[in-house]
Amino acid sequence: MIKNMIIGQSGGPTAVINSSLAGTVEYALQSETIGKVYGMLNGIEGLLDNNIINLTEMFKSMPHELNRLKHSPAMFLGSCRFKLKGEEEEFKRIFRVFDSYNIGYFIYIGGNDSMDTVKRLSDYAKEHGIDISIVGVPKTIDNDLVGIDHSPGFGSAAKYIATCVREVAYDTSIYSIKSVHIIEAMGRDAGWITAASVLARQDNMTAPHLVYLPEVPFSVEKFVEDVRKKLSELNSVIVVVSEGIRDKDGNYISARQDKGDDLFGHARLSGTAAYLKDVIEREIGCKVRALEPSVLQRSAGHLVSLCDVNEAFNLGSVAARAAEEGNTGVFSTLRRTSNKPYCVEYGLEDVAVVANREKFVPREWINEEGNDVTEEMVTYLKPLIRGVAQTPYRAGMPDYIDIRHLDVKMQKYKN
């Protein structure tokens, strides 16, 4: 019997998470065994609220819209940060919705916490003999997912932060005065994005001059010494720091931690670069700026990596095919088989491998002083930012897909 598919997105956005959605939808629409394709708005929260749209109706008659979706940043289906409580009634509500829409395939696109949702729903279905394939598609700019060589979304974030550093370096090089620019990159526990800033070093560009990752304990005193030494050699020093750098006792360097953690127990951080700016002004006394790209680095659709777009799309297709073939409790993944030429192979991995776990930068990929990365890191990073995606433009602006359906007042395509 033909069953329908439902897809959701969860967690923080990326520049290519919609590419994974496009890959999933395209595969499902071409399948002879998958019926209608639905989307849950705002993840599991939308599912529980029956906030569901018909993706078949939206895209089957307008296949060109899938290309716009593929090249649009953020999350077409909206997001949530909802953690399942594990209560029986909660699971029953979810599976009642599945039953009402004749769902046989559930695809969830997200990071560590989203894969936890995939695992819980898959385990429940198995325990209760419910015939439904539950499959995850990985994403995160943080690149901290276990079980995959690199996460979709990371390559584009890496390209963005490296480009920012390069452009700041060009801007600051015009002055002969001593100055320090501290750029704060996203990364609470893993420093992959911060590390990627070193890709700015091309064509005799030496910035960034100092790089600090949370995998190595941070010393404010040593930081001041590092900056002072660089200033003795250069007029302009550019520093990139992870938002989550901590001292030897595990305390965040961030100037401010909001009260409490989020639903998944993650600390809310803010102000690392601003705090270090104050330190340098006080201890050295030169011109200092703190720059925080913040959300710009995760949803900059105009500066995506073509490699990232294509891999995200393919992982969506792999997940849809896996669900169609009856796999459950797995997520689509890729493994690097070569750096020169760069090649990957796609496959599946047990979702238990990734759920609620984090992949950190290997210590051997960070220099002994803890203020830069090694050549092994650069070799790993370089292929991930390659290629220029052909983002559609109209009237001089990126022509991203319409997201007005995320307005709860809009009823078109609602079921």
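An account of the accompanying structure is given in this report. These numbers were taken from a predicted model, which means no experiment stands behind them.

Another point: the sheet that holds strand 3 (residues 52-54). Pairing between the strands of a sheet is mediated by backbone hydrogen bonds and can be parallel or antiparallel. Overall, mixed pairing links the 7 strands, which are arranged 3-2-1-4-5-12-13 in an open sheet. On the outer flanks of this sheet lie strand 3 and strand 13 (342-350), each paired with one strand and no other. Strand after strand, the sheet turns through a mean of 30 degrees between neighbouring axes, direction not considered. One ladder, built from 6 bridges, connects strand 4 (residues 103-110) with strand 5 (residues 133-138); its direction is parallel. The residue of strand 5 that forms the bridge with I109 is V137. Taken strand by strand, helix 1 (residues 17-30) contacts strand 1 (3-9), strand 2 (34-40), strand 4 and strand 5, and its axis lies near 175 degrees from that of strand 1. Where helix 11 (residues 306-324) meets the sheet, it contacts strand 1, strand 2, strand 4, strand 5, strand 12 (330-339) and strand 13, and its direction lies at approximately 35 degrees from that of strand 13.

The interhelical angle for the contact between helix 1 and helix 11, taken along N-to-C directions, is 40 degrees, at an axis separation of 7 Å. In this view, helix 1 runs oblique relative to helix 11, as classed from their interaxial angle. Our pair here, helix 1 against helix 11, has a crossing hand that is right-handed. Counting all contacts with helix 1, which are made through S19, S20, A22, G23, T24, E26 and Y27, the residues of helix 11 involved are V309, A312, F313, G316, S317, A320, R321 and E324. Its residues assigned to classes, the contact of helix 1 with helix 11 shows 6 nonpolar, 6 polar and 3 charged.

Before going further, it helps to spend a moment on the packing of aromatic side chains. In this structure the tally under the stated criterion is 13 aromatic pairs. Summarising the aromatic geometry, the rings of Y38 and Y101 are spaced 5.0 Å apart at their centres and angled 70 degrees between planes, so their arrangement reads as edge-to-face. Here Y38 is found in strand 2, whereas its partner Y101 is found in the loop between helix 5 (88-100) and strand 4, with 63 residues between them in sequence. Residue class for Y101 comes out buried when judged on its relative accessible area of 11%. What links up through ring pairs into an aromatic cluster is the set F91, F95, F98, F106, Y108 and Y124. Here K359 stacks its cationic end above the ring of W192, 5.5 Å away from the centre of that ring.

Our focus in this paragraph is unusual backbone geometry. Cis geometry marks the peptide bond from A207 to P208; its omega dihedral reads 0 degrees. By the secondary structure assignment, P208 is in the loop between helix 8 (192-196) and strand 7 (210-212). With omega at -5 degrees, the peptide bond leading from K340 into P341 counts as cis. When you line up the elements, P341 lands in the loop between strand 12 and strand 13. Backbone geometry at S294 places phi at a positive 55 degrees, although glycine is not the residue there.

Before going further, it helps to spend a moment on helix 1. Here helix 1 contains 14 residues, and its C-alpha end-to-end distance of 21 Å stays within 8% of the 20 Å for a straight helix at 1.5 Å per residue. Buried residues dominate helix 1, accounting for 11 of its 14 residues.

On to the pairing of strand 12. Strand 12 sits mainly inside the fold: 7 of its 10 residues count as buried. As defined by bridge partners, strand 5 adjoins strand 12 across 2 bridges and the pair is classed as parallel. Note that in strand 12 the partner of G136 across the bridge is F331. By the bridge criterion, 9 bridges tie strand 12 to strand 13 in an arrangement that is antiparallel. In the strand pairing of strand 13, R335 is matched with E345. With antiparallel pairing between neighbouring strands as the criterion, strand 12 and strand 13 make up a hairpin whose turn holds 2 residues.

One open sheet accounts for 4 strands, arranged 7-8-6-11; its pairing is parallel. Only two strands of the sheet have a single neighbouring strand rather than two, namely strand 7 and strand 11 (287-291). With strand direction ignored, the average angle separating the axes of adjacent strands in the sheet is 15 degrees. The pairing of strand 7 with strand 8 (residues 236-242) spans 3 bridges and is classified as parallel. Note that in strand 8 the partner of Y212 across the bridge is V241. Where helix 10 (residues 272-283) meets the sheet, its contacts fall on strand 6 (179-185), strand 8 and strand 11, and the angle it forms with strand 11 comes to roughly 175 degrees.

About the thresholds
- Residues numbered from 1 in each chain as written.
- Predicted model: local features only at pLDDT ≥ 70, side-chain atom pairs only at ≥ 80, totals over all residues.
- Heavy atoms only, no water.
- Pairing = 2+ DSSP bridges.
- Helix = DSSP H or I, 4+ residues; strand = E, 2+ residues; numbered from the N terminus.
- Axes fitted to C-alpha atoms, helices over the stretch in contact; angles between N-to-C directions.
- Contact = heavy atoms within 4.5 Å.
- Parallel < 35°, antiparallel > 145°, perpendicular 65-115°, else oblique.
- Left-handed = near helix turned anticlockwise from the far one by under 90°.
- Nonpolar A, V, L, I, M, F, W, Y, C, P; charged D, E, K, R; others polar.
- Phe/Tyr/Trp six-rings, centres within 6.5 Å; stacked < 30°, edge-to-face > 60°.
- Buried < 20%, exposed > 50% of the residue type's maximum accessible area, 1.4 Å probe, protein only.
- Lys NZ or Arg CZ within 6 Å of the ring centre and 35° of its normal.
- Expected span 1.5 Å × (residues − 1).

Treat this as a map of the structure, not an account of what it does.
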